[in-house]
Every structure is written in C-alpha cells, then in structure tokens.
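Coordinate inspection notes
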Amino acid sequence: MKKHPRYLALLLIVFTFTITATAQTVTVTGNVKNSSNKDAVPAVSVTIKGSSSGTFTDEKGDFKVVTAQKLPITLIISSIGFETKEMLVTSASSPVQVDFVPASSLGTEVVVSASRVPQRILESPVSIERISAANIRNSPAASYYDVLANLKGVDVVTSSLTFKTPSTRGFSASGNTRLNQLVDGMDNQAPGLNFSVGGVVGLTELDVDNIELLPGASSALYGPGGMTGTILINSKNPFKYQGLSFQIKEGIMNTDSRFRSLSPYHNWSVRWAEKVSDRFAFKIGMELVAAKDWLGYDKRNYSRTGTNGKIIDGDRATDPNYDGINTYGDETTIDIRSNVFPGIAASAPFLKGFLDTLNGGRPMNVSRTGYNENEAVNPNTLNYKLSGALHYKLSAKTEAILAGHWGTGSTVYTGSERYSLRNLKIGQYKFEINNPNWMLRAYTTQEDAGESYNATVTTRLVNEAWKPSGGATGWFSQYSQAYLGARLNGATDFNAQTAARAAADVGRPSPTSDQFRTLFDRVRSVPISKGGGLFLDKTNLYMVEGQANLSPVTKNVADIIIGANYKRYLLNSEGTLFADSTGKIGINEFGAYMQASRSLFNDVIKLSLSGRYDKNQNFKGRFTPRATMVVKVADNNNIRFSYQQAYRFPSTQQQWINLNIGSNTQLIGGNKSFISYYNLKTTPTYELSATSPTTVNTTAYGFPDSKPESVTTYEMGYKGLVGKNLLIDAYGYYGEYKDFIYRTLVIQPTSGNVNDVVTALANNVPASNVGRIFSVPANTTSKVKTYGFGLSIDYRLPLGFIVSGNVSSDNLKDAGGFRASFSTPKYRTNFSLANNGFGKGKRIGFNVTWRWQDSFYYDGDFGNGDIPAMHTLDAQVSYKVPNTKVGLKLGANNLLNQYYVNAIGNSMVGGLYYVAFAYNVF
Amino acid sequence: MNIIKHIQHSGLTLLALFILFTSCNKLNTDPTPIAIPGNPSGSTLAQTLAATASDSLYNRLVIRSGVLTATPATITDAGQRYTMFVPDNNVMKAFINALSGGAVPIGSPDAVFSGFITANIPVASAAGIVSYNIVPQALPTSSFPTSFPNLQYPTILNPAPSLSALLRLTTFPSKRGAITWVNNVPLAAADAIASNGIIHHTAGIALPPTASLWSRISTDPDMTYFKAAVQRGDSGTAAASTLQAGLDNIGANLTVFVPSDSAMRAALTGLIAQGLIAQGVPAGIALAQAGALAATPAVFSNPLLYTALTPTLVKGIAVYHILGTRAFTVNLPTTAASFKTLLTSAVPTHPGVSIQATFTGPVVTAATVKGVANATPSIIFINSQSSSDQNATNGVLHKIDQVLLPQ
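Please read these numbers as outputs of a predicted model, since none were measured by experiment.

1. Focus: the overall build of chain B
The secondary structure content of chain B amounts to 12 helices and 16 strands. The C-alpha atoms of chain B give a radius of gyration of 31 Å, which is well past the 22 Å a tight globule of 407 residues would have. Projecting the C-alpha coordinates of chain B onto the three principal axes gives extents of approximately 140 × 65 × 40 Å. Residues counted as buried form 43% of the 407 residues belonging to chain B. When contacts within chain B are restricted to residue pairs at least 6 apart in sequence, those whose partners lie at least 24 apart make up 63%.

2. A few points about the overall build of chain A
When you go through chain A residue by residue, the secondary structure sums to 16 helices and 53 strands. For 922 residues, the compact-globule formula gives about 29 Å, and the C-alpha radius of gyration of chain A, at 30 Å, lands near that figure. With respect to the three principal axes, the spread of C-alpha positions in chain A is 110 × 55 × 45 Å. Split into buried and exposed, the 922 residues of chain A put 54% on the buried side.

3. Here we look at the interface of chain A and chain B
Contacts between chain A and chain B engage 50 residues on the former and 43 residues on the latter. Looking at the side of chain A that touches chain B, the elements that each hand over two or more residues are α7 (352-357), α10 (475-488), α11 (493-504), β46 (801-813), β47 (827-838), β48 (844-853) and β51 (870-881) of chain A. When grouped by side-chain class, the residues that make up the side of chain A that touches chain B number 29 nonpolar, 13 polar and 8 charged.

4. Points about the sheet that holds strand β13 (residues 179-183) of chain A
All names here are of chain A. In space, the 5 strands of this open sheet follow the order β10-β15-β16-β13-β14, with mixed pairing throughout. Sheet topology places β10 (129-132) and β14 (186-187) at the edges, where each strand pairs with a single neighbour. Bridge count for β13 against strand β16 (residues 229-235) is 5 bridges, and the pairing is parallel. The residue bridging N180 from the neighbouring strand is T230, located in β16.

5. Regarding the pairing of strand β5 (residues 73-78) of chain A
Residues and elements named next belong to chain A. Sheet topology note: the strand β2 (residues 45-48)/β5 ladder contains 4 bridges and is antiparallel. Its bridge partner being in β5, S45 is matched across the sheet by S78. Relative to strand β6 (residues 85-89), β5 runs antiparallel, the two sharing 5 bridges. The residue bridging T74 from the neighbouring strand is L88, located in β6.

6. Some thoughts on the environment of B:P259
Residue and element names in this part refer to chain B. Tracing the backbone through its elements, the reader meets P259 in strand β9 (residues 254-259). A residue is classified by how many C-beta atoms lie within 10 Å of it, and P259, with 24 of them, is buried. Each C-alpha atom of the pair P259 and I382 lies 13 Å from the other, and the pair is 123 residues apart in sequence. Once residues lying within four places of it in the same chain are set aside, the contact partners of P259 are F226, M264, I400, Q402 and V403.

7. Overview of the packing of helix α9 (residues 455-466) of chain A against helix α12 (residues 514-524) of chain A
All names here are of chain A. Contact pair α9 / α12: the axes reach a minimum separation of 9 Å and the direction vectors enclose 120 degrees. Taken together, the axes of α9 and α12 lie oblique to each other. Where α9 crosses over α12, the two elements pack in a sense that is right-handed. When α9 is examined against α12, the residues T458, L461, V462, A465 and W466 are found in contact with a partner set consisting of L519, F520, V523 and R524. Of the residues belonging to the contact of α9 with α12, the class tally is 7 nonpolar, 1 polar and 1 charged.

8. Quick notes on the nonpolar core
A:V44, A:L148, A:V746, A:I747, A:V757 and A:A767 are the most contacted members of the largest nonpolar core, which totals 161 residues. Aside from chain neighbours lying at most four places away, what touches A:V44 is A:V32, A:F56, A:T57, A:I77, A:S79 and A:F100. By size, the runner-up hydrophobic cluster in this structure holds 119 residues, among which are B:V67, B:I198, B:V299 and B:I322.

9. Topic: the sheet that holds strand β14 (residues 378-379) of chain B
All names here are of chain B. In spatial order, the strands read β11-β12-β13-β14; together these 4 strands make up an open sheet with antiparallel pairing. Edge positions in the sheet fall to β11 (337-339) and β14, since each has one partner strand and no second. As defined by bridge partners, strand β12 (residues 353-360) adjoins strand β13 (residues 363-370) across 7 bridges and the pair is classed as antiparallel. Looking at β13, one finds that T360 is bridged to V363.

10. Some details on the confidence of the model for chain B
In the predicted model, chain B carries a mean pLDDT of 90, and 94% of its residues have values of at least 70. Overall fold confidence (pTM) sits at 0.82, and the ipTM for the predicted complex is 0.78.

11. Some details on the packing of helix α8 (residues 224-234) of chain B against helix α10 (residues 261-278) of chain B
All names here are of chain B. Interaxial distance between α8 and α10 falls to 7 Å at its minimum, and their mutual angle equals 60 degrees. As the angle between them shows, α8 and α10 are arranged oblique. For the pair formed by α8 and α10, the contact residues are T224, Y225 and F226 on the first element and D261, M264 and R265 on the second. Of the residues in the contact of α8 with α10, the class split is 3 nonpolar, 1 polar and 2 charged.

12. Points about unusual backbone geometry
Residues and elements named next belong to chain A. Residue P72 is reached from L71 by a cis peptide bond, and omega for that bond is 0 degrees. Mapped onto the elements, P72 comes out in the loop between β4 (62-67) and β5. Although it is not a glycine, N636 sits at a positive phi angle of roughly 60 degrees.

13. A look at the environment of B:K227
Residues and elements named next belong to chain B. Here K227 lies in helix α8. We classify K227 as buried; it has 22 C-beta atoms within 10 Å. Beyond its immediate sequence surroundings of up to four residues, K227 is in contact with I217 and S218.

14. Topic: α10(B)
All names here are of chain B. For α10, which comprises 18 residues, the first-to-last C-alpha distance of 26 Å matches the rise-based estimate of 26 Å (1.5 Å per residue) to within 8%. Buried within α10 are the following residues: A263, M264, R265, L268, T269, I272 and A273. Against the buried residues of α10 lie α8, β9, α11 (283-293) and β16 (395-400). Looking one or two residues beyond α10, the residue adopting positive phi is G280, at roughly 100 degrees.

15. Some remarks on the environment of A:D635
All names here are of chain A. Assignment of secondary structure puts D635 in the loop between β35 (619-634) and β36 (637-648). The exposure class assigned to D635 is partly exposed, which follows from the 13 C-beta atoms found within 10 Å. Separated by 513 residues in the primary sequence, D635 and L122 place their C-alpha atoms 9.8 Å from one another.

16. Focus on the confidence of the model for chain A
All names here are of chain A. Summarising the model, chain A shows a mean pLDDT of 89, and 97% of its residues fall at 70 or more. Below a pLDDT of 50 lies the segment residues 1-5, which in the model reaches 1 contact outside its immediate sequence neighbourhood of four places, other chains included. Below pLDDT 50 for its whole length, residues 7-23 participates in 34 contacts with residues either more than four positions away or in separate chains.

Rules and cut-offs
- Residues numbered from 1 in each chain as written.
- Chains lettered and ligands numbered in written order.
- Predicted model: local features only at pLDDT ≥ 70, side-chain atom pairs only at ≥ 80, totals over all residues.
- Helix = DSSP H or I, 4+ residues; strand = E, 2+ residues; numbered from the N terminus.
- Rg over C-alpha atoms; globule rule 2.2 N^0.38 Å.
- Buried ≥ 20, exposed ≤ 12 C-beta atoms within 10 Å, placed from the backbone.
- Contact = placed C-beta atoms within 7 Å.
- Nonpolar A, V, L, I, M, F, W, Y, C, P; charged D, E, K, R; others polar.
- Pairing = 2+ DSSP bridges.
- Axes fitted to C-alpha atoms, helices over the stretch in contact; angles between N-to-C directions.
- Parallel < 35°, antiparallel > 145°, perpendicular 65-115°, else oblique.
- Left-handed = near helix turned anticlockwise from the far one by under 90°.
- Core = buried A, V, L, I, M, F, W, Y, C linked by C-beta atoms within 7 Å.
- pLDDT = per-residue confidence, 0-100.
- Expected span 1.5 Å × (residues − 1).

Here you go:
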C-alpha cells in the first residue's frame, strides 16, 4: 500500500509528459500481454524508473522506449486494472516480454477536475465521481451518458433516446443551465438553445477516456454556470490510445408494442488513431445512432395558464376543453360563450337569452382537436457524430491540438414546449496548446438549429392551415353552430359537444394522410417570425482561455495556478428565438481566477484557496471564492471540508429570448429593452400567482433589474479505503441561493384594467382570454436553501467481483411563492454487482445495476405534476474472444421493460436490449 | 466453492431486492374521463304522457301533432332532454269548450273531446301548440329564473325554418316564491320526472304567438295613434333601422306599453294646447283647436305641427313605452320598481318607468306603469284576452290608459 503514492506520482507524470528522443540513444522494444489470457494489452504506460521518459503500448501491446540512459534500466509498466510491474532491462537486443497481471483495486483513480491538477481521487478536496473507459465498457448502458445515472446524487432527465440531461443537487430539467458540461475543456451547452448537447454532439463512445463529475458549486474553477455541478468529459489521446477500434450495437426496443411497435436500435461507432511519429498523432471517430424514439405518451388532461398549470381529470371524449400533455394542437382554446355566442346572438337575437342560460352562465371552454406526439414529432431519432483531432508535440512537454466535434441528428427536446430538433447541427472546434505548467485554448461552438420546430405551435398552426379557428365560418363558429343546433333539438350538453366536434372536424386531415403531411411540412418550414414553427437559430460562442501553473516558482510558499478567459456569444436567430430580428446580438463575458494550495503538517492537511472574478457586459462583475481543506486521518482516509460560491449570469435565453409559445403567451428575456418594446410599464402588467391559479397581484409588476444568481455551499465529506476491499465515500452539503433565478408570469390586461383579470380568474375564464401573458425571468428576494447527503460503498469480493451501493438525497427549503422547479426526488439509490473479468482467462464480465428513485413533483414549463417512484434494472454479460481483440456483449437497459418517465411530458422510456460486437475497444 | 457461494449469495440478495422493489412502475399516462351521467332508466316523456290517464287529451293532441313520428326524434328519444308544459284533461276540456264556441260542453265524455281534437284541430295547429310547449332542455322549476328580466328559453318550434335553422319561438318560465309560470300561465303541478326530461302541468295553455308586435299594433283599431307615432318617429330614418322594423323583427324581445287611442288623443290635445297658449292663444280657444287637431292619428302627419311634433320628440316618447325584455304581468314586481326603457340608449341616465303589480294567488289583478313626468300611474288594462299579456313572436304587449311622459 505504501508504494502506491510513489507509483501514482510516476503514473501522473507519464500521463502528462512524453519525451522525444533527441540524443544518442538506446532503443528498448517490448510487448505487454495479459497474463491470464495472453491477449495484448494496449495503452499501457511504460516509463523508465528515475526519469520522466516513457511511452504507451500500441494496439498490439508493443512498445518502444528510446533513452539516452545506459543499460541496465528499470521499466515501470502500469495501467489501471493491472498490477504495476517493474522490469530490469539489461539488453536491448531482444524485446522485453511483459506478463501483465490483472488486478482490481479500489480508490486508485486519479482525477484532475477537482483542483485543476491531477490528484488521487481519495485526496480530492471536494466530492467527485469518476467514470473510466473501463467503467463504460463494462456498463450495461447503451449510451455512455446513461452511466452517469448510476452515480450517487445524479438524476437524468430523458427527453428522448438521444437527449438526456444529467443533474446533480436538484433543479433537474431538460436542458439544465445550472450544471456545466465541458468536453475536452469546451462548454458544450448550445449557446442559443441553452441545453447541453453532449448526447447529440459530444464525443463518440469509443473516444471517451473518462468522465469526471463534480457535484456542487464549481464556478470558482470552471466559470459561471456550475451552480449544482460540472461534468467534464475527456477524450482519448491518440498518442496513448492507438489503432482501429469499432463497435456495432444492434438492439430492439418497444418490445411490448405498448406505445409503438417493436423497432430496431442501431449504434455503430468507429475510432481510428495513429501515432505517426513521436511528434505527431491523429484520431478520427464516427458514431451513428438510429432508432424509433421513445414516445411522449402522456394523454392526461392539462389545465394551463401560460407556463403554469396542473393535471386535471378529463379526456377528449368527456372534456370539450381537453388539452392532452402529449397531444398537440389542442392548446388552442376559447370560451365559446364569450367569444362565439355573442356573434351568433347578434345575427340570431332570439337565441341570446337561450345562450345566456347555457352552462348556467359559466364559460364554455372548448379546445380544438389535437394530434398525438408521434404524428407531430419526427418519430425517428438519428444521431451522427464525427470528431477528429491532430496532436503535435512542439516539444517533449508541449502539445498542440487541433480538434473538432461535429454532430447532426434529429431528436426531441422539452422546453416550454416539445421541440422536434430536426437536422440540428452543432460543431465545436478548438485549438489548444498544453504543457504541464500552462495551457492556452481557443474554441468556438457553431450552432445551427437546422429544421427544428416547435411541435406544439406547429401542430396548432397546422390546424389553422386546415381550418382557421376564428371567423364566421371558422372551426369554433362551426362547432358553436352545431352545438346550438343539437341543443335546440334537445341534445344533452355532452351529446351536443360530441356532435359539435364531429361537425367541426369534418374533413380534418387524418394524421396518416398525405394532406396532413403536406400541411405539416409546409408549416414547419416557415420561420416562427413569419407565422410558422421553424427555428432559424445559428447562435455561436467563441471562447479563449489560458492557465498557468506557477508552482515551479512558488512551491516553497504554495502551489499557485492562475487563469483567465474571454467569452463572446453571438445570438443569431433572425427573430425566431431571440429579439434579434434587426441583427445579431453580442454578449461578452470575461473572467480570471487564481488558486493557491499548500500542504501542512507533513501532508496531513492540505489547504487551498481559490477565487474567481467574472464580468458580463449586461451585469455587474462578480467575485466567487472557494476554500477547501483535506485532512488525512489515516493513510487513504481523508475528510474534506469546503466552502464554495458559485454563480451564473442569466442564460442567453434568460436575457434575450422573445418567443411566442401560443395561448397568448410570450417568453421574454430580462433585458430592459423588452420593457419599452412591449410597453410593459406604460400599459401595466400584473403578476399571476404561481401557487394559486386564480390569483393575480393587483399592484403593477415593477420589473426589477435582472441579476446573476449565486449559491454558497458548505460541504463536508469523507472518502476512505478500509482495508483493501472497502471504499466508502460520503458527503453532506448545505447551499444557500441568493437572487435565485426563476420565471414568473405577468399579464397585460387587454382592457388595461386588472380587475377584468380578477373577474375572469374568479369565473374560470383563462387569463389568456383577457390579456397578454409574458413569462419573464425574475430573482427571488429571499434565500432558497438546498441540502442533502450521499453515501456510497464499494466492496471488493474475491476474484474481482465488486458490489456497490449508494444512496443520496436532495432537498429544497424555503421556496414558497414562486416556481423553483426543483423537480428532484428526495431519495434515490443504486446497487450493482459487477466483474470485469472472471472465469477461464478472465474473459467473462457482467454487471447488474438496479436503480430506484422516490416519487417527486416535477415542475417544468411544459408541464407540472407528480412523477411516480420508479426503478430500473440494467444488466450485461460480456465475453472476450481469445486471440481476436473481439469483445461480445449482451446488454439490457431497463431489463424488466418497466416504462418510466422522469419529467412531465417527456418520453416513456422502456426496455432496450442489444448485442454488441466490439473490436479493439480499450 | 467459496466464490460460487459468494455469487450465490450476491445473486440471492439481488433477487430478494427484485422481489421487494420490482413491482411495476406506476406510470400514469391515461387521462381520467369525467363521469358523464348516463341516460336514466324509466319511461320517456312520450311514454309517460301516454300512460297518464289525466293527460290523455293532451296526449291525443301530441299524437295529432305528428311530433312523435317527426325526425329527428324528440320526446321519444331517451338520449335527449326536454321540458314539456302539459295541460291536463280539465284544462284541455276548457280549452276545447272555448275553441268550439261551447259546442263541446265541459261535461262531455272524454271521447268527445278526443274526437274533436282528431277531427277539428288542424295538424299544423296541434304541432304549433305541442312544439311551443316543449323546451329542448331539462328545466326543473328550481332552475327557473326568479328575477326580472326574464330569460327566454327556445322551444322546438321553428316558425320560419327557411329563415334560419336555428330560429325558435321562445317561452318564458319564471318563478316568484313558490309560484311558477310559463309565460303568464301558472303551473299547476311541477317537476314530474321522465327519463328524458321533465313535465310541468299548466293551469292553462300557453299558445304559440303567430304575429309580431308591429303586426298587432298596426292592425289594432285602438292603437292607431301609437302606430302613427311610431311612423312619425321613424320618418327620415333608413327602413332597416326604424322602430317599426324593430317591432316587426322576429329576433326582437320586447315589452310594449301601448296607450289606447283615447289616452294618446288626450295627451296630444294637452300638448298642442300648451303650445298654442304659449303663443298667446286664449286657453278656451287653444283647447278647442288642439282637440280638433288631435282628433285623428293624422295629427302626426299634419305639416302645421311638424315643428312641435318632431320625429325625435315623438320617437323619444314612443321608445319610452318599450322595455328591452319581455315582461308578462306576472313578472312585474309587487312593490313599485324602476325599469329602463329603450330611451336609455339615447339618454343613458334616464331612470325609466316605475312598474307595480297586484297579485291574487298566481294571477295579476291590477298593474300600473308610471312615467317620470306623469302625475299618476298609468293603468295596465288587465284582460289577458285582449289588452294585457298579448304575446307576440317578438315581445309582449300591454295596453295602458295614459301616455308615459319621460320628462
């Protein structure tokens, strides 16, 4: 055990240093084989003891070390999952043969993100979770994003098969703006659409080296946005991971045909990396996912006011005003009593009295007939990723990287509505130079919404294109005439409503007809700004950042790193998403940070202090500090304490969105220019209560200045290895949000008189009938508090079996009177039993993972409601075919095919069963 | 072996967890239908009527009317909802006795009445009466309007299908205290429930109106002055916008207090005399001249009086006699209360007229209406046969003994 730190230190050096032979030299070659099955072991670190020289084995297990040292030398051969080995080399004439013994050990990983420098995971000053390529390889999950769901404290919101949003410490949502995702250092939040696109665009599965998850506040190191956590996904360096790899997963889903018929799942990926010389290496990767997507199939009836609402009783047959959660077009609703009957009464005055008596004088809200999700949303999900990188060593320690990730596809996203992201294209391109002591990086995110459209609005417009709602011959007029005709003939209200809908829907395009498809395609192709459903978003992000490690100079006092960045958003949606119809909108941000750390009392205590200052052109500058302390209570047992602040500027949408989402509701940003544009103060607006749907505040809304949100988190944790076989990690945290950002609804009464809104709400008349509703960002004046804990245990059984379990809890406190959208279960737990290799030649692997989460109230703009408790069982068995580099895997996600949903209106996720054929996957 | 045991134990633990927790995920995706009341079992209105011996004569009228066999089906359809106002046999006998001019004595056997219905009441008349007494919704007396103004309830009688498929004559159920009416006809027994509706028994027969208010005003020999006043008030106005057109519009719903010719003559005489006296004509001569000028309705078309009886003045007085809703005398208040007239559209603050009625049981025995400038209330001539509660297709008419003066 005591050797570990030393080996690890060497290992770290090898991770970040490679050398180039420049002098008169000795060349040592060799080959590394797995001792249990004689398979070649690629990507193994081979270093010369006592120096920083080293290399990695290629896909055949071969290595070549060139050194100026004289023989004999000692080689250190190490890789995660094997026992580190030292070999004395006395002669370079024959290749060194290394029998590498597989071993499983706990707590040996090295993480980088917790302090921006490599350190043992056991010594991390803040909570951190790590997923290695081996974890992904041995996971049952069909997509590496799904592996995150099994970490403690993680929730994943599934908008669709390829659109998953992980969250930690609350505030789960499709598109979580409180959690940063960095892929190879690039923020992969789509700058205009405001959701992280990792599942759609990021790395291909075969190129993922590791994923590090920092739950909790992390702005001090990673900039604005990391309120509840930061996920860092790092790709495989082509110098280390070489050769051709590919994987073909073929599966089936929708096996019980409950929501749609049985369909295939295809996931093919390939990676090719080549170390052309000691200076130059490149890699290229592709991944294709094609399937019939999970379907949003919540047919429950929804009563909405703007973006507020609740689930109510009623279906299409029994509620004339039915508005199904996952049916679209039926959001178009009016009170025919107050909107249509007066027109009929004007031309048929003898009916006026009769009309007055109908429904006891109460409103008669009627909605148009909608279409189901699979009719309005592209039912096929497709995702194609292409990525590549050129790596060039400028010197032994300095590496230049030119890299690009590009992805396109069709998927479904839930925001304030369901959005069909069709042929979405996002590219991330970076140039980076890194050195152990400094780093420079410039990158851009280029977003193109392609043919993406708002499914709800588009379907409503399809209804209008077929038969306009208004007018003397419009749908509602026809409905009302037929209704009255039936009532005047003695029909009951129910029968008259049924007859009226049948009459008004005569000629309604069948969802499978060419007529419907033609109409739909026409409407979805027209930009939102011109009355259609199409986004034209081409928002881009540009970022430059640099970091320097001053430790070589300052190490006697403290280890110090400093860094700075400049970020520029360029909003460009041609008026379809942002208020940018007259031109692009630029938003500039810059930030700088510094961290000092020092060990005290013989490394028993490690302290670090960090601070970061950020400024956005639209907001005041902000300083966020972080202080951490790690106390070594015993070898491999550490207690950590941290105080961290994090903050975020309002997202680009929270600043500049200007989107009509129907129902007389406009989403707007917090920028002051909206106030004059919509005359929000000259024609006053009034806040609708988020908690009491029938209440409006009769004092005009003041539109206070929009402010950045901040959170202060206190955390204590313990991570330790008990013996060799038990790894325990535990944390507890408490966070306080200041100026918490939420959205609220304000109404601008058509009459200018707020009392008309009061009366309408009291009479169950939709607020949108008596005024225009705006959803505006707001900051709370009170503090919002969150707290929770997590505990995980990994226990190593003989022969490489590992049983793991975790439980975690997140809670919200003091969030009354506004919609906090916490949307997170109080408790969740995961259990797994796994083995990466057992049996003859250690060729068989398996993993069984069970997850349960508590019921919770989901609070989103698209829908609010209770999400029932749910569980899933994932499992896989794998087999490595001897002498072929081929791995076979049989996997199941949601093995028991227990459909679940983790956000109101999102897709129903069922069982996915696949077989995978993998070649040279490491 | 140890390993195998380990695996077995782990497997068993996992299996136990499955059994504990892998009950189905409770996925809520299906909407909860709202409970729709089914059709109550039991007899339909048609069946109930046919089975009630004391309603046999009205049932005969219903059969005669063809309503039972008309399409679409009405009171025979258990899936629909209706309210029927039904006169029992005693009421029917009085009705037929009157209709036959006494030729069918009240004491005749039921078969005689029944035979009379079949032989002497035309199908169209029967259909009119029956249809007018069927309201296409279930109206228990508990839902009858209890305050002024009335709400009009369409019947299933469309007097002019060619004009509009939605056209219907309307009736006016109302309730004051325990007493209920349809139009001005008291209910004798209410709220008999059938599977597809409700039967209210009436103490008389609510007959369908056949003519418009204007039709009545323009042909009644004792309303010639009011007719001439309306026409004078309309002079210079486009035809479609005239008061006459309004009084003839089947879509209107009005109450008109029509002063008798003598009342109009007296008022005009006084008005003209005052004008003459103001011009210096001695009172006696002025009265005589005024009496001569006001002797016929032609007074309104006398060019000599054009400046005195301007269309605006005359129309103002005429519309002061009209309420914008339909009020049968039984709907009038027992203590004097003010109601807006059509004059309100020109003078929004005008208080309207003050109305009061005196009841004996469900019957109004006296009623008055008073203009703001009148010294005494005008008496409504209570005689439902010819002068009060004259129901027209577009309103009700009451004859009064004074002209109502708005100022």
